[in-house]
Structures are given as C-alpha cells and as structure tokens.
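Spelled out from the first residue to the last, the chains are:
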Amino acid sequence: MKKIITYGTFDLLHYGHINLLQRAKAMGDYLLVGLSSDEFNALKHKQSYYSYNERKTILEAIKYVDEVFPENTWEQKPDDIQKYKADVLVMGDDWKGKFDNLKKYCQVIYVPRTPLVSTTKCKEYLRAFIPR
Ligand code: C2G
C-alpha cells in the first residue's frame with residue numbers, strides 16, 4: 001500500500017484544498033493528513049475560523065482522506081513519516097524547497113497551488129458582506 005502524507009490548516013475548506021487532496025490521493029492508495037492544531041496555527045500566525053475538531057470532522061468527510069492526525073510542531077514530520085510509513089510527502093508549491101530535507105525519509109512532491117483561491121480571500125469576501 002502506497003501511503004501519501006500531507007499537512008495543512010485546511011480552514012474554510014475550498015476547492016484549492018480539494019484539488020490538493022485529490023492529487024495527493026491519486027499518487028497512492030492511502031492519504032494521511034497532518035492537520036494543524038489550533039496551537040500550531042498560532043505558531044504559523046494563523047487564526048482559523050473552525051477549531052481543530054471542526055476542521056478534522058470536515059476533512060474526514062472527504063473521500064480522498066483516509067486518516068487525519070494532529071500537526072503540533074514543525075519538527076514532527078520525520079517522526080510522522082517513519083511512524084506512518086509514508087512513501088510520499090505532497091505539498092502545494094508555495095512550500096517548494098521548504099521540505100527537501102525530508103527527502104531522506106520519503107519522496108517529496110510539490111504540486112502547483114490552485115490559483116485565485118485561498119482561505120484569506122474567502123475571509124475577506126465574507127467580511128465585506130457580514131457586518132461585524
Ligand atoms: N493549497 C493549494 N492551493 C490553494 C491553497 C492551498 O494547493 N489555493 C495547498 C497548500 O499549498 C497546502 C494545502 O493546500 O499544501 C493546505 O493549505 P493551508 O491549509 O493553507 O496549509 P498551510 O498553512 O500551507 O500549512 O507544515 C505544513 C503546514 O502545516 C502547511
């Protein structure tokens with residue numbers, strides 16, 4: 001079984017996330033998602049709208065996703081890759097080069113980001129229509 005692993009916040013899920021998850025799953029048989037905890041989001045200077053548990057529930061409903069686990073630190077990836085026996089790490093190419101150090105544990109593939117959509121853009125759009 002070829003296992004794929006990816007990481008992210010996946011807040012306010014949009015089709016850019018779905019494209020990433022669909023492409024990652026298409027590379028193997030089993031897709032693991034390291035989902036950023038609320039505490040780790042703070043380290044990434046991100047404040048997600050949905051909590052970890054809410055984002056986990058949403059991700060687990062996606063047919064491409066087989067397993068979701070918490071991402072609490074930047075440093076846990078080597079342990080995760082070995083623990084889950086992941087064969088490939090897939091990330092959007094906004095991360096290009098950032099995870100090349102993990103090539104000693106598994107294949108690392110960066111896929112083109114889906115243009116024009118982002119959680120930030122969704123938030124900005126909603127802010128314009130929903131009074132504070
Ligand atoms: N993504 C994409 N296209 C978009 C938006 C996001 O392909 N329009 C990809 C990102 O490149 C990433 C994944 O979707 O691979 C999740 O994106 P985010 O939820 O923004 O996660 P991020 O903040 O990049 O966290 O340790 C790694 C980090 O946890 C990644």
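Reference entry: report on the structure contained in this document. Please read these numbers as outputs of a predicted model, since none were measured by experiment.

### Notes on the site of the ligand
Thought 1: Around the ligand lies a shell of 22 residues, among which K46, E71, K77, D94 and V117 are the nearest.
Thought 2: Take K46: an N or O atom from its side chain is 2.5 Å from an oxygen atom of the ligand.
Thought 3: Taking E71, its side chain carries an N or O atom lying 2.5 Å from an oxygen atom of the ligand.
Thought 4: Using a 2 Å cut-off from the grid points, one finds that the ligand occupies the largest pocket.
Thought 5: Broken down by secondary-structure element, the contributors of at least two residues to the shell around the ligand are β1 (3-8), α1 (15-26) and β4 (88-92).
Thought 6: For the shell around the ligand, the element with the highest residue contribution is α1, accounting for three residues.
Thought 7: For the shell around the ligand, the class distribution of residues is eight nonpolar, eight polar and six charged.

### Re the sheet that holds strand β2 (residues 30-36)
Thought 1: With respect to topology, five strands assemble into an open sheet ordered β3-β2-β1-β4-β5, the strand pairing being parallel. Edge strands, defined here as strands with exactly one partner in the open sheet, are β3 (67-71) and β5 (107-111). Each strand axis lies, on average, 25° off the axis of its neighbour in the sheet, ignoring direction.
Thought 2: Contacting β2 and β3, helix α3 (residues 52-60) crosses the sheet at an angle of about 160° to β2.
Thought 3: Where helix α4 (residues 77-84) meets the sheet, its contacts fall on β1, β2 and β3, and the angle it forms with β1 comes to roughly 150°.

### Some points on the side chain of E71
Thought 1: Among the secondary structure elements, E71 is positioned in strand β3.
Thought 2: For E71, a relative accessible area of 2% translates into the label buried.
Thought 3: One polar contact links E71 to K77, side chain to side chain, over a distance of 3.3 Å.

### Notes on the pattern of salt bridges
Side-chain pairing between opposite charges can occur once the charged atoms of the two side chains come close.
Thought 1: If you walk through the whole model with that rule in mind, you get six salt bridges.
Thought 2: Where E60 meets K56, a salt bridge forms, and the shortest distance between an N and an O atom there is 2.6 Å. Taken together, the positions of E60 and K56, both in helix α3 and four residues apart, correspond to about one turn of that helix.
Thought 3: Look at E60 and you get partly exposed, because its relative accessible area is 44%.
Thought 4: Accessibility expressed as a relative area gives 23% for K56, which makes it partly exposed.

### Examining α1
Thought 1: A rise of 1.5 Å per residue sets the reference length of α1, with its twelve residues, at 16 Å; its end C-alpha atoms lie 16 Å apart and thus fit the reference within 8%.
Thought 2: Buried within α1 are the following residues: G16, H17, L20, L21, A24 and K25. Projection of α1 onto a plane perpendicular to its axis shows the buried side chains occupying an angular sector of 165°, all on one side.
Thought 3: Buried positions along α1 lie against β1, β2, α3, β4, β5 and α5 (119-129).

About the cut-offs
Once a new chain begins, its residue numbering starts again from 1 and follows that chain's sequence as written. Note on the predicted model: pLDDT of at least 70 is required for a residue's local features to be given, and 80 or more for side-chain atom pairs to be given and counted; whole-chain, interface and lining totals, by contrast, use all residues. Side-chain metrics in this entry use all non-hydrogen atoms of the structure; hydrogen atoms and water are not considered. Whether a residue is near a molecule or strand depends on its heavy atoms: it is near if one of them lies within 4 Å of it. What qualifies as a polar contact is a pair of N or O atoms within 3.5 Å, subject to a donor-acceptor requirement within protein and to the restriction that residues adjacent in sequence count only when both atoms come from side chains. Think of a 1 Å grid over the protein atoms and nothing else: a 1.4 Å probe that fits but is trapped marks a cavity, an open set flanked by protein within 12 Å on at least five of seven lines marks a pocket, and residues with an atom within 4 Å of a point count as lining. Assignment to a cavity or pocket requires that more than half of a molecule's atoms be within 2 Å of the site's grid points. Secondary structure elements are defined from DSSP: runs of H or I of at least 4 residues count as helices, runs of E of at least 2 residues count as strands, and each element is numbered from the N terminus. Classes in brief: Ala, Val, Leu, Ile, Met, Phe, Trp, Tyr, Cys and Pro nonpolar; Asp, Glu, Lys and Arg charged; the others, Gly included, polar. If DSSP finds at least two bridges between two strands, the strands pair. Under this scheme, a helix contributes an axis fitted over its contacting stretch, all axes are lines through C-alpha atoms, and angles between N-to-C directions fall in the 0 to 180 degree range. Contact between two residues is taken to exist if any of their heavy atoms lie within 4.5 Å; hydrogens are not considered. Burial status follows relative accessibility: with a 1.4 Å probe on protein chains alone, a residue under 20% of its type maximum counts as buried, one over 50% as exposed, and anything between as partly exposed. Between Lys or Arg on one side and Asp or Glu on the other, a salt bridge is scored when a side-chain nitrogen of the former is within 4 Å of a carboxyl oxygen of the latter. A helix is expected to span 1.5 Å for every residue after the first. Here the arc refers to the set of directions running from the helix axis out to each C-beta atom.

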